[in-house]
Amino acid sequence: MPGQERNNPKAFLSGLREILGDDGLLTDDAARFVYSRDASHLTLGRPLAVALPRDESQLRRVVGLCRTVGVPVVCRGTGTGLSGGAVPGHGALVVGTSRLRDLGPVDSIQRRVRVQPGVLNDGVSRHASPSGLHFAPDPSSQSAASIGGNIAENAGGPHCLRHGVTLQHLVSLDWSDSAGRAFNTGRAVPAERGLDLVSLLCGSEGTLGLVTSADLKLVVDPAEVATLLAFFPDLEDAAGAVVGLLGEGLAPVAVEMVDQAMLLAVEEAFGFGFPTDVAVAMIIEFAGQPEAVAEDSGRAGGFMERHGASEVRRAADDSERDELWKCRKKAFGAVGRLAPNYVTMDVVVPLGELPGLVREIQVIKVQHGVEIATTFHAGDGNLHPGVHYDERDPDQTRRAHAAADAIIRAALDRDGSVTGEHGVGIEKLHVLPWQLDRETARLQRGIKDIFDPDKILNPGKLHPPADADFAALKPVPAEIDFHWANLTVSAPADASLAQLQQTALERGFWIPVGALAGDEGMGLGRGTTVGNLVAELLTGPALCPAGTARDFLLELWAETGDGRLFHAGAPVFKNVAGYDLVHMLCGSGRVWAQPRAVTFQLRPVPESLGYWRFQLPSDEQQEVTLLERLVEYLTGRHGSLGGPMMIVDAGTGSVVVLIPGRSRPWDLGQIGEDLANLLGTPAEHIELPFNRATEILKAELIPGWALNSSDWTFLCRLPDQEPGAGFRPAGMGRLIWQSTPRLIWSPDPETSHPGWHADRFYSGGRVQPPVAPAEGVPFDFLIRMKTLFDPSAALETPEWMEGRDG
Amino acid sequence: MADPRAHSPITELNHLDELLRQCVQCGLCLPHCATWLATGNEVQSPRGRLLLLGEMIRSSGTETDTNATPNAFLQAFDECIGCRACETACPSGVPFSLLEYGQLRAAEIPPHRLDLPVPAVPGAVLRRMDQPGFLEFLSQVAGLVRGVLTLVAGKTWRRRLDRGPAGTGRLVRLLGSLPTSPRSDAELVRMLDGLCGRETQRRNGLPHDVALGASDNPSAGPRVAFFRGCANSGLLSDTSRRFRDLLSASGCRLEEPAAQDCCGALATHTGRPGRSADLRRRNRDVFAGALNEGTVIVAEAAGCSHELKEYGDEFRTGVVDAVVLLAGLDLPPLGSVPLRVAYHDPCHARHGQGIVDEPRMLLTAIPGLEIVEPIEPEVCCGSGGAWGLRYPELSDELGRRKAADLAATGADLVVTSNPGCLGQIADGLRVIAPDVPILPLTDLLWYAVLIRIDSTRS
Ligand SMILES: Cc1cc2nc3c(=O)[nH]c(=O)nc-3n(C[C@H](O)[C@H](O)[C@H](O)COP(=O)(O)OP(=O)(O)OC[C@H]3O[C@@H](n4cnc5c(N)ncnc54)[C@H](O)[C@@H]3O)c2cc1C
Ligand code: SF4
Ligand code: SF4
């Protein structure tokens, strides 16, 4: 009987003890007190007890028991969260993951590793470092925060400017639902379509399920890193310089700032010896190929000097770089030296709005008579203004909170979001309605009801009350609208993708999902619309993509089956204000909702495209070895702007290699030399300006390989296969190999290859419906989500759904 | 000279509260805390302990009343090793003295109120630990016990003993393991020669003890007053002699005040503040003359140098840790030691005195030697003096954890500079990586000098 044993905590506790053993359950006063707090300084009540499971099965059994007796479960990593996510209400059970610390072996070929949720963020990178890999999301709390907490908050960090937030680094999740059932929800296949539950779970703050294990992506350690430190006498100038720098098409891996107040605190704490008479210290980092890093950091340094920097320094070596980062990453902790209390905000605005917001915060500071110290993930438009006060002074306390609310309003007025990385928790429940429209909030609550019908998972978090005063629906864009300063573009769903890309390419930017060539040729299909790109998660054997639509989508307007419009996301680079409906729906077809309009992030285009053509050796064994070596070489060459690809046609014996890059002796020039060495013969070679590449390719280079008229299947190696078994299914003679997303496209009708996942994506140039989701997916949830979004089944209903119960 | 602890500023609750506010609860200290790493329990973390202290202060109003404080709160402080790793890690500058305050409160309550695995090591044994000759005697007994047990019961003795009164098995193991580190010069040379793949030559004087000889420049070094330390003189007397040998060979003018006594740390650890104050007073008198003449006082064990610095301002500036002294000396030329070496930082050096670079400088100075860094150099090995005897299981787990971290570097040899850490890690390595030996840093340096002398002779 649910709820019955709630009145009998003794029986419940002994049930827990049976699962966990004596040392796995803490019921003493000290534990109940300590676990009632986290880094947010917010509290709700005293938990009943704290469970520290030693394995995943213990965790699930504990959750299952809680569900039967109706006791709330609050999952906890290390309690470094800043929005009160891990703070339990009275009588809840805290389930800590600190004893779930297993690290799986590093798969250095697929660049993945499987870890348990209690592993600390830093620990993953240390584990992967002998393989020359690391875990890219690097929150300032990375030494202490757990992977489970990172996933639950979708944590970001300085280097997310280049690599994206936690969500972009998840392959699959093992998780427990509120009844303790085990699920595995994955994106092992880069372009897999369907409702993306990984996107939903990531950032859901422990309100939908508990992550018990995660398969993480790793990225390659850069060959060279250059770190600049620039000082500015004026804060607004500094913010303007960041906008200008990114608008130049430079692609730093991180741009961070600390203002003067913060700099003073850090100096006092660590005595780095930085000047404290400046308004801003800014860190700009470039990473990658040594010459590119030298060229870009040189340009960036010059740019900063021309745009208001009073001094630009360059870290001489690794230890100096470590010092710089320590200054940035320890800044938050050092605020304890400034005042006894503070409210830290986590607002994020479109990039171009950064200078304006900075100006407005100065005004708010004066108006409310408060002290504010700020750190910035400037390149992301994300900032952490901290308003300081002493709680023993009621007037100061009141002013501090009023100033904080004013800053949040100011960010929302500029089309921003209330939280870029810290989450809603309990801290932002009162401000979230200022951002969400009523319909979106209703859908979010509906999702919660489906996943957690008894409301035992982290209750009281993330969802504002249903009767809150929600924001009005943001108007749906009616035409393609570029916001160059923000590096975003909005467009209605029926806008032509080719037209959008064409305009962007002219300015040196694009959505790097593959270059398009009007109606034909190497692209993503005839007459593709922006809506199709998003709904179908279109990929294809297109030119040098850097990812899929999901990686660059920021904002979505969509309509439910019963005609209700809602708006999710914001035109900002990170956003964790509620469940991530944007990425969950991207690629889900038109089954749950219909896209109406979107906002994408724009990225700089590569300067040039290198093209090499050569003949395969006639000896079969030689051919295989050569191709394997080519793939290995090209894999190491993938850049952030777009990755290499290779087109193989064994019939004619021709191979074409396409690599985005720079027309410099040390880049495409060097690649040419490397290829000649690999091949043993020179290849036919052209270097093209990237924005003309599709046109030329279409006209001259690869006749007969048109997407529109062909059948295309994508293939990807199944995750549990032995690495090193070859880059393609044995005997496959015609294919396009892509480095990002890592797929093989085959025009052959035969789709079944042992050890490989295959998806017939295009048939006769038309996109095919996705195959049924793999096992391990909670079908009942998917179907109840269908009922939530499309109650009268007015939208498409895939075959696999029919006859199944929710 | 007044004892600084007698009117420690921390006794004022208002002041405590003020300091506590400096903790922003960020949690960045957690991964540096040995007890949290081993248990995953946040009560046993720095932030957890600070939260509890705050609650104790808030709920008591004027004076923290230990009787009204729940046991579990005080237990959390008793379980703190006092390693200070959290203080080093904290970006907000929260002082360790807060936790120390909690420890003092916990020490006030009768042991039976704490949920300790009683009976612990007999109090009589603990009380005698700082008496001259006692440790040496004990370690010989322990060595004997170990030997006999291994003979009689094979490898199972360890488990059987651990089932006995808590801590005794541990004490026997730790003490018994110290004599297994080389004692005579000949043993040390043979062992290191073996590791380096050298054939042990018949040296002048070997296998008997050798001296490095006086410096070419005998009065170039500073005047040094040697503080013996009871563990070093009792358990590692040969190492201690080699250390002095090294100092003389580096031109130091060495004196050794005879009337010196234990620094008092052991008495503090075993809850005898009176005895500790006595010892301090005695040592202060003994070394006052040296201080006045500007002679530096050197203590070989990091634990002693740390404790001596707490005697007061003159001692804080006048006392120098052995490793720091050596790093500043003009050492005799060093011969090649082609080994991968991991250094373990004693908490009393790294966190207590901020000594991090000096031991590494010394190792780098040895030709052919490669330093390898463990992943968690800042985490305590779990020895903790008397703490380890009260929490033997936790202490053992930490010792193994530390040994695993050190062994994972691929080191051929581990070195450190505190006898407590030495025994603890030796014990952990025996389980985790029996092939990896551990030595005092000074022994390794001494060997490097000897090798060089040999090579110039031949
Ligand atoms: C000094 C400092 C700097 C910070 N810097 C950054 C930064 O740069 N970027 C950033 O994004 N954040 C930052 N944070 C915030 C915080 O570190 C992150 O939100 C982090 O991801 C939280 O991890 P945790 O293990 O501490 O989670 P906790 O605080 O323990 O929990 C956070 C939330 O996650 C849920 N949760 C935890 N584990 C699981 C699980 N296994 N399954 C399901 N739900 C789970 C909890 O229920 C809770 O809702 C910072 C915090 C501090 C104190
Ligand atoms: S002691 Fe320091 S590091 Fe630890 S939680 Fe407090 S402020 Fe953070
Ligand atoms: S002194 Fe050591 S054991 Fe005690 S809380 Fe700090 S880090 Fe943990």
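Here's a quick rundown of the structure.

Criteria and thresholds
Residues numbered from 1 in each chain as written. Chains lettered and ligands numbered in written order. Predicted model: local features only at pLDDT ≥ 70, side-chain atom pairs only at ≥ 80, totals over all residues. Heavy atoms only, no water. Pairing = 2+ DSSP bridges. Helix = DSSP H or I, 4+ residues; strand = E, 2+ residues; numbered from the N terminus. Axes fitted to C-alpha atoms, helices over the stretch in contact; angles between N-to-C directions. Contact = heavy atoms within 4.5 Å. Near = heavy atom within 4 Å. Polar contact = N/O pair within 3.5 Å; in protein donor to acceptor, adjacent residues only side chain to side chain. Areas by Shrake-Rupley, 256 points an atom, 1.4 Å probe, with all protein chains shown as cover. Nonpolar A, V, L, I, M, F, W, Y, C, P; charged D, E, K, R; others polar. Buried < 20%, exposed > 50% of the residue type's maximum accessible area, 1.4 Å probe, protein only.

1. Some remarks on the sheet that holds strand β9 (residues 210–217) of chain A
Residue and element names in this part refer to chain A. Reading across from one edge, β5-β9-β7-β8 is the order of the four strands in this open sheet, with antiparallel pairing throughout. Single-partner strands in this sheet number two, and they are β5 (112–115) and β8 (182–186). Each neighbouring strand pair of the sheet contributes to a mean axis angle of 15°, computed without reference to strand direction. Where β5 and β9 come together, four bridges link them in antiparallel fashion. Residue pairing across strands places Val 113 opposite Leu 216, the latter belonging to β9. Across the sheet, helix α3 (residues 56–69) lies against β7 (170–176), β8 and β9, angled at about 140° from β9, the strand it touches most.

2. Concerning the site of ligand 1
Surveying the vicinity of ligand 1 reveals 35 residues, the closest of which are Cys 75, Gly 77, Thr 80, Ser 141 and Ser 146 of chain A. Near ligand 1, residues from chains A and B are present, making the site a shared one. Here Gly 79 of chain A contributes a backbone N or O atom positioned 2.8 Å from an oxygen atom of ligand 1. Contact with the protein chains removes 99% of the 970 Å² of surface that ligand 1 exposes when unbound. Elements supplying a minimum of two residues to the shell around ligand 1: β3 (73–76), α5 (147–153) and β9 of chain A. The element that contributes the greatest number of residues to the shell around ligand 1 is α5 of chain A, accounting for five residues. Tallied by class, the residues present in the shell around ligand 1 amount to twelve nonpolar, 19 polar and four charged.

3. As for unusual backbone geometry
The omega angle of the peptide bond from Thr 740 of chain A to Pro 741 of chain A is -15°, so this bond is cis rather than trans. Within the secondary structure, Pro 741 of chain A sits in the loop between β30 (734–738) and β31 (743–746). Residues other than glycine seldom take positive phi values, yet Leu 537 of chain A does so here, at roughly 45°. Position of Leu 537 of chain A relative to the elements: it lies in the loop between α17 (530–535) and α18 (549–552). Look at Leu 537 of chain A and you get buried, because its relative accessible area is 0%. Phi angles above zero are rare outside glycine, and Gln 25 of chain B is one such case at about 60°.

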